[in-house]
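# Overview (structure and organization)
Next come the chains, spelled out residue by residue.
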Amino acid sequence: MVIFMMDIYYYVISVMVSVVMGLIIKLPLKLDKESFEGNLFFPTIFIALGLTSIVEFLFGLNIIFSLFIGLISPIFSKYVNIIFPGVEYGSY
């Protein structure tokens with residue numbers, strides 16, 4: 001039971017650090033359903049949760065991994081359109 005609570009603690013740390021880092025690097029706050037641009041809430045939080053679960057499964061989770069994931073996820077969310085270029089709309 002104690003190990004399970006520590007894992008939840010690490011998940012919360014990674015999400016909180018990613019939100020704070022997203023505010024620092026000025027990710028947009030509003031959700032735009034017509035755009036695939038990353039913002040503070042989507043996909044930043046889900047990237048943080050997903051990376052945390054992958055790291056927990058592969059290596060075991062600790063505070064250093066949680067902080068690192070919290071720092072990496074908003075940076076990835078900010079530049080996701082550059083890393084994975086999508087479809088150009090309106091160009092035929």
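Everything in this summary refers to the structure shown in the same document. Bear in mind the structure is a predicted one, so any value in this text is a computation, not a measurement. (Residues numbered from 1 in each chain as written. Predicted model: local features only at pLDDT ≥ 70, side-chain atom pairs only at ≥ 80, totals over all residues. Heavy atoms only, no water.)

## Section: the packing of aromatic side chains
- In this structure the tally under the stated criterion is four aromatic pairs.
- Between the aromatic rings of Phe 59 and Phe 65, the centroid separation amounts to 6.1 Å while the plane-to-plane angle is 35 degrees, which identifies the pairing as tilted.
- Relative accessible area serves as the criterion here: at 30%, Phe 65 is assigned to the partly exposed category.
- Judged by centre distance (6.1 Å) and plane angle (75 degrees), the rings of Phe 76 and Phe 84 are edge-to-face. (Phe/Tyr/Trp six-rings, centres within 6.5 Å; stacked < 30°, edge-to-face > 60°. Buried < 20%, exposed > 50% of the residue type's maximum accessible area, 1.4 Å probe, protein only.)

## As for the packing of helix H2 (residues 44–58) against helix H3 (residues 63–78)
- Closest axis-to-axis distance for the H2/H3 pair is 9 Å, and the angle between their directions is 140 degrees. For the element pair H2 / H3, the angle class is oblique. Helix-helix and strand crossings are classified by hand; for H2 and H3 the assignment is right-handed. Note on element contacts: H3 touches H2 through Phe 65, Ile 69, Ser 73, Pro 74, Phe 76 and Ser 77, opposite Thr 44, Ile 47, Ala 48, Leu 51, Thr 52 and Val 55.
- Tallied by class, residues from the contact of H2 with H3 come to eight nonpolar, four polar and no charged. (Axes fitted to C-alpha atoms, helices over the stretch in contact; angles between N-to-C directions. Helix = DSSP H or I, 4+ residues; strand = E, 2+ residues; numbered from the N terminus. Parallel < 35°, antiparallel > 145°, perpendicular 65-115°, else oblique. Left-handed = near helix turned anticlockwise from the far one by under 90°. Contact = heavy atoms within 4.5 Å. Nonpolar A, V, L, I, M, F, W, Y, C, P; charged D, E, K, R; others polar.)

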